[in-house]
Amino acid sequence: MAKHAVLSSVSKMWRSLACAKSELSLDLTLACGQSFRWRETAEGHWTGVMGGRVWTLTQTGDILWYHVYKNHEKSRQVDGSDRKRRAGVSLQMENKSEKRFKGALKKEEEEPVALTSVQDTEEEEEMLRDYFQLNVKLLDLYNEWGVVDPHFKCIADIFTGVRMLRQDPTECLFSFICTSNNHISRIQGMVQRLCQALGAPLCQLDETSYYNFPSLSALADNSVEVCLRDLGFGYRARFLQQSAKQILDTHGLQWLEGLRSVPYLLARDALRTLPGVGTKVADCVCLMSLDKAEAVPIDTHVWQIAKRDYNYASGNGQKSITAKLHRDIGDFFRKLWGPYAGWAQSVLFCADLKKFQKLKEMPHLKRPKKEENDEEELRVACKKTQIKTEENGTVKNMKTKSAHHKKAKTSE
């Protein structure tokens, strides 16, 4: 049985490209809720599906290493009858199919196998560069955001290399429809079951099977809703099937990708016409797959960041995020951070996730003395900024109260 690749054991099967960790941190970027297809299969090694292939990625120094596995059923196409079979079968039948798939793979060699032709090498490197948008100089953006935003500068040294992925629009849209009233670990399980039920098998590594993301045609099949409800998708099952059907019936296969060339607000409004797609999901899809770097997805998490870290008071008494509040907070951050506001927001979102809180507590013992002094000065500056903001708010409140008091006294 093929195994997940580890860099030290089969380094000859790996390929690499230069990429500083300040430009890309795999550990942060692949685990912060942008994509739900990656998991850590060994320390610092991330395995997932991208572009119809299974990859393992890792980093050493300023090198990004990647290993691509051979697709055991690369030529398989999921036609209409096969789609109905896969969508309508019971879980028991699905398990039997899975066992047959595993049995066929036992004949494969023990070591992981990579595609090695020159054409494949060039194509895969370009896929990686495109997926991580390595043409965007992230360090320059971090510096720009740090100049205009003291709070961002406070956390930038800890959460470096958080990039925005450029995902396949179909995968991104239907994955984020699953995020409604959900959390990252549960969404990962749902996306995995969705791919297992409706996607084509790619390969099996250490008893873990990997599947391609389902096509629009597979998702639009009439039997899909029942199948996904049986798999625990609840009300989201209907949204997935109806959105796929609406895209195919009204717009066609290329519509989603075509939204990359449409202005941000038009693309967002177009996505919002789909069942189960609200403003937040539409913004996520715009930002993470449609090249709209200015899109700032707003959920309760981001709303709390705006209020807590930026003294953003608009809509403070509201219990839910309205369309106006979504627009106002997005405009606030766009004005602060500029045209790549969505990228900056992803850094703060990542820094606020519970799974990464220990990074803020780790002592930086090995830093040069100058860096420690600079960091201390930065902490003091951030604290002064926070105090000043709070004092301004207090003075404003005191003036307001004083005016009300004088008015009341006059009326008496």
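Every value quoted in this text rests on a predicted model; they were computed, and no experiment measured them.

Asker: Would you explain the packing of aromatic side chains in this entry?
Answerer: By convention here, two paired aromatic rings are described through the distance between centres and the angle between planes. A complete count under the given rule lists 15 aromatic pairs for this structure. A centroid spacing of 6.1 Å and a plane angle of 45 degrees characterise the contact between W55 and Y66, whose relative ring orientation is tilted. Linking W55 in strand β4 (residues 53-60) with Y66 in strand β5 (residues 63-68), this pair joins segments that are 11 residues apart in sequence. Owing to a relative accessible area of 0%, W55 belongs among the buried residues under this scheme. By way of ring pairs, the aromatic residues Y310, Y312, F332, F333 and W337 are connected into one cluster.

Asker: What is the right way to look at the pairing of β5 in this model?
Answerer: Remember that side chains alternate between the two faces of the sheet whenever the strand is regular. Here strand β1 (residues 15-18) runs beside β5; their pairing, made up of four bridges, is antiparallel. Bridge pairing in β5 links A18 to I63. Hairpin geometry of β4 and β5 is characterised by an intervening segment of two residues between the two adjacent antiparallel strands and by a positive phi of about 60 degrees at G61.

Asker: Looking at this structure, I do not really get the pairing of strand β7 (residues 208-211). What am I missing?
Answerer: Alternating residues of β7 divide into T208 and Y210 and S209 and Y211, and every residue in both groups is buried. Between strand β6 (residues 201-205) and β7, which pair antiparallel one after the other, the connecting turn spans two residues, and D206 there sits at a positive phi close to 50 degrees.

Asker: How should I be thinking about the nonpolar core in this particular structure?
Answerer: Where a protein is soluble and globular, its nonpolar side chains tend to be buried together. In terms of nonpolar packing, the biggest core is built from 103 residues, with F132, F174 and L271 touching the most fellow members. Residues A2, A5, L202 and Y210 belong to the second largest nonpolar core, which totals 11 residues.

Asker: Please clarify how the packing of helix α5 (residues 138-148) against helix α17 (residues 341-352) should be interpreted in this entry.
Answerer: Closest axis-to-axis distance for the α5/α17 pair is 11 Å, and the angle between their directions is 80 degrees. Regarding the angle of α5 to α17, the classification is roughly perpendicular. Between α5, through L138, L141, Y142 and W145, and α17, the contact on the second element is made entirely by W343, A344 and V347. Taken together, the residues that form the contact of α5 with α17 break down as seven nonpolar, no polar and no charged.

Reading guide: rules and limits
- Residue positions are counted from 1 within each chain, in the order its sequence is given.
- Selection of residues for local features in this predicted model requires a pLDDT of at least 70, selection of side-chain atom pairs for listing and counting requires 80 or more, and totals for whole chains, interfaces and linings are taken over all residues.
- Remark: hydrogens and water are excluded; side-chain values derive from all non-hydrogen atoms of the structure.
- Think of it this way: a Phe, Tyr or Trp ring, Trp meaning its six-membered ring, pairs with another when their centres are within 6.5 Å, and the plane angle makes it stacked under 30 degrees, edge-to-face over 60, tilted otherwise.
- Segments assigned H or I by DSSP are reported as helices when at least four residues long, segments assigned E as strands when at least two residues long, and all are numbered from the N terminus.
- For every residue, the accessible area obtained with a 1.4 Å probe (protein chains only) is divided by the maximum for its type, and the residue is called buried under 20%, exposed over 50%, and partly exposed between those limits.
- Criterion used throughout: strands pair if DSSP finds at least two bridges between them.
- Grouping buried Ala, Val, Leu, Ile, Met, Phe, Trp, Tyr and Cys residues that are joined through side-chain atoms within 4.5 Å yields what is termed a nonpolar core.
- Under this scheme, a helix contributes an axis fitted over its contacting stretch, all axes are lines through C-alpha atoms, and angles between N-to-C directions fall in the 0 to 180 degree range.
- Oblique is the label for any angle not covered by the other classes, which are roughly parallel (under 35 degrees), roughly antiparallel (over 145) and roughly perpendicular (65 to 115).
- Contacts are assigned to residue pairs with any non-hydrogen atoms lying within 4.5 Å of each other.
- Note that Gly is not counted as nonpolar here; it falls among the polar residues with everything else outside the nonpolar set of Ala, Val, Leu, Ile, Met, Phe, Trp, Tyr, Cys and Pro and the charged set of Asp, Glu, Lys and Arg.

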